[in-house]
Amino acid sequence: MELKTQLQFELTEFMDGDGVERIPAIGNYDYWLLLMEYFLAKSDTFEIHCFNEEAGVIEELTTNLPGLFDIDDKQGMTIFSGLLTLEIAEYLMSQHVSEKKKLKWFSIFLSKGEQHIFSSEHWGTEFFVPDITEEDLLFIKHVAPDDTHFNEYS
């Protein structure tokens, strides 16, 4: 049995220094958009996790994309999940930053069928790819900010 190579990577520098706000030191999410575009193209289902306290973000999703997903409430999180439609992909790519210049969603998980292929967590500053190819790795390292820490393992 061949072991899969997994990749966990995360940003290490933040605008506020201590990382409480989780806004990248580079001041934008260009890297996130490139990563999402790359992995959205390989996906057919999604999950978006928001803290229940993030009422504005939750209301925005339910108002702008009505009926396009299931909603669950688990352990203080509101979880949106369903088939990845063009409307959802376009929304993720065009409405990703809040008025405070922070990524809106705590976590996004992308899958193809039953196989998880990518996650963006902690407001787009920590990531996981469970079965990374050499092509994926080269792309990720090319678009990731300079302060990104990479951890590959089998």
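Along every chain, residues carry numbers that run from 1 in the direction the sequence is written. Local features are withheld for residues below a pLDDT of 70 in this predicted model, meaning they are given only at 70 or higher, and side-chain atom pairs are given and counted only at 80 or more; totals for whole chains, interfaces and linings count all residues. For the side-chain quantities, the full set of heavy atoms in the structure was used; hydrogens and water were omitted.

For the exposure calls, accessible area comes from a 1.4 Å probe over protein chains only, and a residue counts as buried if that area is under 20% of its type's maximum, exposed if over 50%, partly exposed in between. The secondary structure listing takes helices from DSSP runs of H or I that are at least 4 residues long and strands from runs of E that are at least 2 residues long, numbered from the N terminus. Every buried residue belonging to helix H3 (residues 86-94) is among Ile88, Ala89, Tyr91 and Leu92, and all of these are buried. Seen from one end, H3 has its buried residues packed into an arc of 160°, which puts them on one side. At its buried positions, H3 is contacted by helix H1 (30-40), strand S2 (45-51), helix H2 (55-64), strand S4 (77-83) and strand S5 (107-112). Here, the arc refers to the directions that run from the helix axis to the C-beta atoms. By definition, residues are in contact when any of their heavy atoms lie within 4.5 Å.

Time to look at the packing of H1 against helix H4 (residues 134-143). Between H1 and H4, whose axes approach to 9 Å, the crossing angle comes to 160°. In terms of axis orientation, H1 runs roughly antiparallel to H4. Viewed along their axes, H1 and H4 form a crossing whose handedness is right-handed. Contacts from Tyr31, Leu34, Leu35, Tyr38 and Phe39 in H1 reach Glu135, Asp136, Phe139, Ile140 and Val143 in H4. Lines fitted to C-alpha atoms define the axes here, with helix axes fitted over just the stretch in contact, and angles between the N-to-C directions of these axes take values from 0 to 180 degrees. For classification purposes, an angle smaller than 35 degrees is called roughly parallel, one larger than 145 roughly antiparallel, one from 65 to 115 roughly perpendicular, and anything else oblique. Crossings are assigned a handedness: left-handed for a near helix turned anticlockwise from the far helix by less than a right angle, right-handed for a clockwise turn.

To continue, consider the pattern of salt bridges. A side chain with one charge can pair with a side chain of the opposite charge if their charged atoms come near. Whenever a carboxyl oxygen of Asp or Glu lies within 4 Å of a side-chain nitrogen of Lys or Arg, that contact is scored as a salt bridge. Considering all chains together, one arrives at three salt bridges under this definition. Between Lys42 and Asp136 there is a salt bridge whose closest N-O contact spans 2.7 Å. In this pair, Lys42 is assigned in the loop between H1 and S2 and Asp136 in helix H4, connecting sequence segments 94 residues apart. The exposure class of Lys42 is partly exposed, given its relative accessible area of 30%. Asp136 gets classed as buried once you look at its relative accessible area, which sits at 3%. A salt bridge links Glu60 to Lys104; its shortest N-O distance comes to 2.5 Å. With a gap of 44 residues between them, Glu60 in helix H2 and Lys104 in the loop between H3 and S5 connect regions that are remote in the sequence. For Glu60, a relative accessible area of 23% puts it in the partly exposed group. We classify Lys104 as buried; its relative accessible area is 8%.

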